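Chains, contacts and geometry: an overview
Listed here are the chains, written in short residue letters.
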Amino acid sequence: MFKVLVSDPISNVGLKTLIEDSEIELDVKTGLEKEELLKIIGNYDALLVRSQTKVTAEVINAGTNLKVIGRAGVGVDNIDLDAATDHGLLVINAPDGNTISTAEHAFAMLISMARNIPQAHGKLKHGVWDRKSFTGVELNKKVLGVVGVGRIGAEVVKRAKSFNMEILGYDPFMSQERAEKLGITLATVEEIFANADFITFHTPLTKETKYMLDKPQFATMKKGVRIVNCARGGIVNEVALYDAIKEGIVAGAALDVFEEEPAVGNPLLDLPQVVTTPHLGASTEEAQLNVAIDVAEEVANVLKGKGFKNAVNLPILPEEDFAELKPYLKLGQKLGQLAAQLCSGIIEKLEITYAGNIADLKCEPLTRYIVRGLLSYHLADDVNYINALKMAKSKHVDIIESKTSTAKGFANLVSITVTTSNDKVKVSGSLLNGYGTRIVNINGYTVDANPVGHMLIAQHTDMPGIIGNVGTILGEAKINIATMQVGRKEIGGNAIMVLGVDKSISEDVIESLEKIDGIKKIFNVDLQN
Ligand SMILES: NC(=O)C1=CN([C@@H]2O[C@H](COP(=O)(O)OP(=O)(O)OC[C@H]3O[C@@H](n4cnc5c(N)ncnc54)[C@H](O)[C@@H]3O)[C@@H](O)[C@H]2O)C=CC1
Ligand SMILES: O=C(O)CCC(=O)C(=O)O
C-alpha cells in the first residue's frame, strides 16, 4: 500500500484515480503548519501540492519514505528541486491543464484595468455613483507586447487578436515562421518596451527574467503604458513599478503575482492604478480538475513503477547507461550554458560533434545534458534531462549530432555550434586527464578555462593596455580575478579574454568595461549551477 499526502487544496474529482485505487491510501491535510508537516511527512510515499506548501530541503529530509512529489500546476518554485534530486526524489508537474484558465485570467485583468472595472465596482458598492473618474481606454488598435510566447502567451495572443490589437511578441524560441502563424510581429524586448501600450508577461521566473522590467526599462516606455503580470512576482521590479506609477509613466498595472506571497501589506496595493487578484490565474474549476487528473495519474504511475511524462528533475541516473559518460555530463551541460550566454537571437540549430575516444560511446544522454544546459538559460527548471529533447523539438531547435575519431590533439573533444536568427557561436570542451572539465575553444580562439562560477568573456582588439584597464575597473569594483586567459589569432587582430571572477559583475561595471578603447563585446557569464 502506498501512502499519499495532499497538502494543498486539489480537486477531489481530479484525485478520483488515487481515491479509488486499492493500492493507494490518500490523506488530504491542507493548511498544515511547517512543524506539523515535518512531523508526518516521513509516513508518506508521495506528496501532492499546489503552490502554498513550501517543499523545502527540511521537508524533503524529513520525508524519508518519499518517492515522488507532484505539483498540480506549472511553476515548481515552491519545491527545492536540488534537494529533491539529491534525495533521488522525482518531481512531476502538470504543465498543460491550466494554460487556458491563466490566459483568460490575464486577459480579464487586462480589460478590467483598461476600463477601471474593479475601481468603479468598489465605489458603486460603497454607494457612490461616479461616472467621471473612470474613463478608460479601448483595446482596439492598441499595441500589446507579449513577453514569453509559450503555452499561455500564445493563448493570450489569440484573445488579443479578436480585440483587434496589434501584437508584438518576444520569446527566445520564437521563429519568424511561428510569429507569422500566430499573426504577430517578432520584436526585441527593447522594442516592446518602447512601443507597447499594454505589456503582458508570460515567462517563468529565471535569472534572466528576474527584474527584466526595472527602472531603466520604465524610462524607455511610452507614457501611459499598462502592465499585466500573471506569470511570477519578480519579473517586474515592484519598487520600480511603484515609482513608475507615481511618476505617471505607467497608467495601470494588473497583478496576479507578487515577489512575496501572500502580498498583504504590499505598497502597490495602495495605488488606485493597480488592479489585483491573489494568484488566481489557475483558479478555475476546469484548470484545477485538469491539473489534478494529470498529476494524480502521474503519481500513481510513478509509485507503481510505470512510465511518466512530466518529470521536472532527474532523480537517478541508470548506472548502466551512464557509467562511462558520467564524467562528461557536467562538461556537456556547461558547454550548453556557456553557448546560450554567448549568443543572441532565436535559437534555431544545435550542432554537436563528439570527437576522439568519446565518439565510441553512446552519447544520447550527453546530448540531453548539452540541450538542457542550452535551453535552461531561458526555460530554467522547465527543461530537464528527461524532457530536454522533446522541449528542443517543441521550440523548433534542430539538433544535429556527428562523430569523428580525430580530436585535434585532445583525447576527447565535445564541440557545439549554436545557430540563432542572428548569430553563430561555437564552443568546445574536453575532459583533461587529471584536470577535469575544460573549455578549450571559444569561436575559434584557443583557451583553457575551467567552466565554473562567474566568468567574464571579452571580445577585443589585440592592443596594449586593454588587460590593465579591465583589471583596474574590476579592482575598483572589488571584483577579484581568479583566472585569466587571453587568446588571439594574429598580432593586433581580434582577440578574446576569458576571466574567472569571484562574484557576479553588476551592470554598471559591465558598462564601464564596454567603454574601454578596443573592447568590442563583453559577456557576463554565470555557470554556477
Ligand atoms: N498566475 C498563475 O496562476 C499561473 C502562472 N503561471 C506562470 O506562467 C508561466 C508561463 O507558463 P506557460 O506558458 O505554461 O509556460 P511555457 O514554458 O509554455 O512558456 C514560457 C515561455 O517563456 C519563454 N521565455 C523564457 N525566457 C524568456 C525571456 N527572457 N523573454 C521572453 N520569453 C522567455 C520561453 O521560451 C517559453 O516559451 C509559468 O512559468 C508560470 O510561472 C502558470 C500557470 C498559472
Ligand atoms: O496552483 C495554483 O493555483 C498556482 C498555479 C501556478 O502558478 C502555476 O501553475 O505555475
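Since the structure is predicted, the reported quantities are computational estimates derived from the model, not experimental observations.

About the cut-offs
- Once a new chain begins, its residue numbering starts again from 1 and follows that chain's sequence as written.
- For this description, chains carry letters from A and ligands carry numbers from 1, given in the order in which they are written.
- Selection of residues for local features in this predicted model requires a pLDDT of at least 70, selection of side-chain atom pairs for listing and counting requires 80 or more, and totals for whole chains, interfaces and linings are taken over all residues.
- Starting at the N terminus, helices and strands are each numbered in turn, a helix being any DSSP run of H or I of at least four residues and a strand any DSSP run of E of at least two.
- The globule rule used here is 2.2 Å times the number of residues to the 0.38 power, and the radius of gyration it is set against is calculated over C-alpha atoms.
- Whether a residue is buried, exposed or partly exposed is read from the other C-beta atoms within 10 Å of its own C-beta, which are placed from the backbone; 20 or more gives buried, 12 or fewer gives exposed, and intermediate counts give partly exposed.
- A pair of residues counts as a contact when their C-beta atoms, built from backbone coordinates, are within 7 Å of each other.
- Here, nearness is defined through the C-beta atom: a residue counts as near a molecule or strand if that backbone-placed atom lies within 6 Å of it.
- In this classification, the charged set is Asp, Glu, Lys and Arg, the nonpolar set is Ala, Val, Leu, Ile, Met, Phe, Trp, Tyr, Cys and Pro, and all remaining amino acids, among them Gly, are polar.
- Any two strands with at least two DSSP-identified bridges between them are counted as paired.
- Working convention: axes come from line fits to C-alpha atoms, limited for helices to the stretch in contact. Angles between N-to-C directions cover 0 to 180 degrees.
- Residues enter a nonpolar core if they are buried, belong to Ala, Val, Leu, Ile, Met, Phe, Trp, Tyr or Cys, and are joined to the set through C-beta atoms within 7 Å.
- Residue ranges for the domains trace back to a domain assignment, done automatically or taken from a database.
- Any angle between 65 and 115 degrees counts as roughly perpendicular, while under 35 counts as roughly parallel, over 145 as roughly antiparallel, and the rest as oblique.
- Crossing chirality is assigned from the near helix's rotation relative to the far helix, an anticlockwise turn below a right angle marking it left-handed and a clockwise turn marking it right-handed.
- UniProt positions are given in the numbering used here, feature names are shortened, and annotations may be inferred rather than shown by experiment.
- The span one expects for a helix is its residue count, reduced by one, times 1.5 Å.

1. Remarks on the overall build of the chain
Per the secondary structure count, the chain includes 18 helices and 22 strands. Taking 24 Å as the expected radius of gyration for a compact globule of 529 residues, we find that the chain reaches 25 Å, a close match to that expectation. The principal-axis extents of the C-alpha atoms in the chain amount to approximately 80 × 60 × 45 Å. Evaluated residue by residue, the chain yields a buried proportion of 44% over its 529 residues. Within the chain, counting contacts between residues at least 6 apart in sequence, those at least 24 apart form 66% of the total.

2. Focus: the site of ligand 1
Around ligand 1, a shell composed of 33 residues is seen, among which G148, G150, I152, P204 and G281 lie nearest. Going through the elements one at a time, helix 5 (99-114), helix 7 (151-162) and helix 15 (364-379) are the ones with two or more residues in the shell around ligand 1. The biggest single contributor to the shell around ligand 1 is helix 7, with three residues. Considering only residue class, the shell around ligand 1 consists of 13 nonpolar, 14 polar and six charged.

3. Remarks on the sheet that holds strand 19 (residues 453-461)
Spatial strand order, 20-21-19-22: four strands in an open sheet with antiparallel pairing. The open sheet has two free edges, formed respectively by strand 20 (481-488) and strand 22 (519-527), since each of these has just one partner strand. For this sheet, the mean inter-axis angle between neighbouring strands, taken without regard to orientation, is 15 degrees.

4. A look at the nonpolar core
In terms of nonpolar packing, the biggest core is built from 113 residues, with L110, V250, A339, I416 and M455 touching the most fellow members. The greatest single-element share of this core, amounting to eight residues, is contributed by helix 15. Each of domain 2 (99-276) and domain 3 (319-527) gives at least three residues to this core. Within the second largest apolar cluster, 41 residues are counted, among which are I10, A46, L48 and V76.

5. Looking at the domain arrangement of the chain
Each assigned domain of the chain is listed here: domain 1 (2-97 + 286-303), domain 2 (99-276) and domain 3 (319-527). If you average the C-alpha positions of domain 2 and of domain 3, the two centres end up 35 Å apart. With nine residues of domain 2 in contact, the opposing surface of domain 3 contributes eleven residues. Its residues assigned to classes, the side of domain 2 that touches domain 3 shows four nonpolar, two polar and three charged.

6. A short note on the packing of helix 14 (residues 326-342) against helix 15
Packed helices, taken two at a time, are described by their axes: the angle between them and the distance between them. Helix 15 packs onto helix 14 with a crossing angle of 30 degrees between their chain directions and a minimal axis gap of 7 Å. For the element pair helix 14 / helix 15, the angle class is roughly parallel. Here helix 14 runs over helix 15; the crossing is right-handed. Packed against helix 14, whose contacting residues are Y328, L329, G332, Q333, K334, L335, G336, Q337, A339, A340 and Q341, the element helix 15 presents L366, Y369, I370, V371, R372, G373, L374, S376 and Y377 at the interface.

7. Looking at unusual backbone geometry
Of the consecutive residues E261 and P262, the connecting peptide bond is found in the cis state with omega at -5 degrees. Assignment of secondary structure puts P262 in the loop between strand 11 (250-255) and strand 12 (274-276). Even without being glycine, N164 reaches a positive phi, approximately 60 degrees. Positionally, N164 belongs in the loop between helix 7 and strand 7 (166-170). For N164, a count of 11 C-beta atoms within 10 Å puts it in the exposed group.

8. Observations regarding the sheet that holds strand 18 (residues 445-449)
Reading across the sheet, the six strands line up as 14-13-15-16-17-18 and stay open at both edges, with mixed pairing between neighbours. Of all the strands in the sheet, just strand 14 (398-404) and strand 18 have a single pairing partner and so form its edges. For this sheet the average axis-to-axis angle between neighbouring strands, irrespective of direction, equals 20 degrees. Pairing geometry for strand 17 (residues 436-442) and strand 18, over three bridges, is antiparallel. Along strand 18, the bridge assignment pairs I442 with Y445. Of the strands in this sheet, strand 15 (412-420), strand 16 (424-432) and strand 17 touch helix 14, which is tilted by about 155 degrees from strand 16. Its contacts with the sheet place helix 15 against strand 13 (347-356), strand 14 and strand 15, and it is angled at close to 140 degrees to strand 13.

9. Things to note about the UniProt feature "domain: ACT" (unreviewed entry) in the chain
The feature "domain: ACT" (unreviewed entry), as annotated in UniProt, sits at residues 455-527 in this numbering. Secondary structure content for residues 455-527 is 26% helix and 44% strand, and the end C-alpha separation is 8 Å.

10. Details of helix 12 (residues 285-303)
Over its 19 residues, helix 12 extends 27 Å from the first C-alpha to the last, a length consistent with the 27 Å expected when each residue adds 1.5 Å. When we look at burial in helix 12, the residues that qualify are A287, Q288, N290, V291, A292, D294, V295, A296, E298, V299, A300 and V302. Positive phi appears at G305, one or two residues downstream of helix 12, with a value of about 75 degrees.

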